[in-house]
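# Structural characterization, general
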Amino acid sequence: SINQSEKKDKYISSKIAHTLEKIELLWDAPDIESSVENLGGGKIFDLIDTIMRWDRRGAVVLIRKMLESTSVYALHPSLLSLMRTNAYVLSLKSLGKSVQEIGNILGAHPYVIEKAYRSPLSASMVRDFYKKILAINIAYRSGRGLHDGELWRIFAIERALMGLKK
């Protein structure tokens, strides 16, 4: 059907845009290969799981450990992408959608949806956190965050984590 085809086209366009955004941010990273390898090793998923369990201190410790071998320029786009999915899941859950319905809407892996669905965090908490880490990206891209560099981003992410309050 045309509606299904349009949804597929939007999904593909969205995935391409996210990929290009990550490539663009990685382009100036000091050590692109090691940054991508560290994110690909599953550490980013551990970080997301820690955040979604509402373990703020554990998340800060994990970010600091990751940043020993990963550039914040590689970490931030992945964090944004994965937290966006979690925000969608919890928002749809708050609207009364089941795990299966959310899977049909988002097309995300059922395991990812299930983990987000079980999170003790509310949809508004995750949305607020997502907005804060998105603001870091917007500031960087608009030039406001360029002069502060990597430490500014790290501090802003950690501050957003500490802002996760019930």
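Preceding this paragraph is the structure being described.
Now for a description of the structure that goes with this document.

What counts as what
Residues numbered from 1 in each chain as written. Predicted model: local features only at pLDDT ≥ 70, side-chain atom pairs only at ≥ 80, totals over all residues. Heavy atoms only, no water. Helix = DSSP H or I, 4+ residues; strand = E, 2+ residues; numbered from the N terminus. Buried < 20%, exposed > 50% of the residue type's maximum accessible area, 1.4 Å probe, protein only. Contact = heavy atoms within 4.5 Å. Core = buried A, V, L, I, M, F, W, Y, C linked by side-chain atoms within 4.5 Å. Salt bridge = Lys/Arg side-chain N within 4 Å of Asp/Glu carboxyl O.

Let us look at the side chain of T50. By the secondary structure assignment, T50 is in helix α2 (residues 32-52). The class of T50 is buried, set by a relative accessible area of 7%. Apart from the residues within four sequence positions on either side, T50 is in contact with D55, G58, A59 and L62.

Grouped burial of nonpolar side chains is what soluble globular proteins tend to show. One finds L47, I51, L79, M83 and I133 to be the most contacted residues of the largest nonpolar core, which totals 38 residues. Of all the elements in the fold, those that place two or more residues in this core are α2, α3 (56-66), α4 (72-94), α6 (110-117), α7 (123-142) and α8 (149-162). Sorting elements by how many residues they give to this core places α4 first, with 10 residues. Beyond its immediate stretch of four places on either side in the chain, I51 contacts A59, L79, M83, L121, F129, L161 and L164.

Among the secondary structure elements, L79 is positioned in helix α4. Through-space distance from the C-alpha of L79 to that of I48 is 7.4 Å; in sequence the pair is 31 residues apart.

Turning to the pattern of salt bridges, a few remarks are in order. Overall, the coordinates contain 2 salt bridges when judged by the stated rule. Here K115 ties to D49 by a salt bridge, and the two come within 2.7 Å at their closest N and O atoms. Of this pair, K115 sits in helix α6 while D49 sits in helix α2; the two residues are 66 residues apart in sequence, bridging distant segments of the chain. Across the salt bridge formed by E114 and R118, the nearest N and O atoms sit 3.8 Å from each other.

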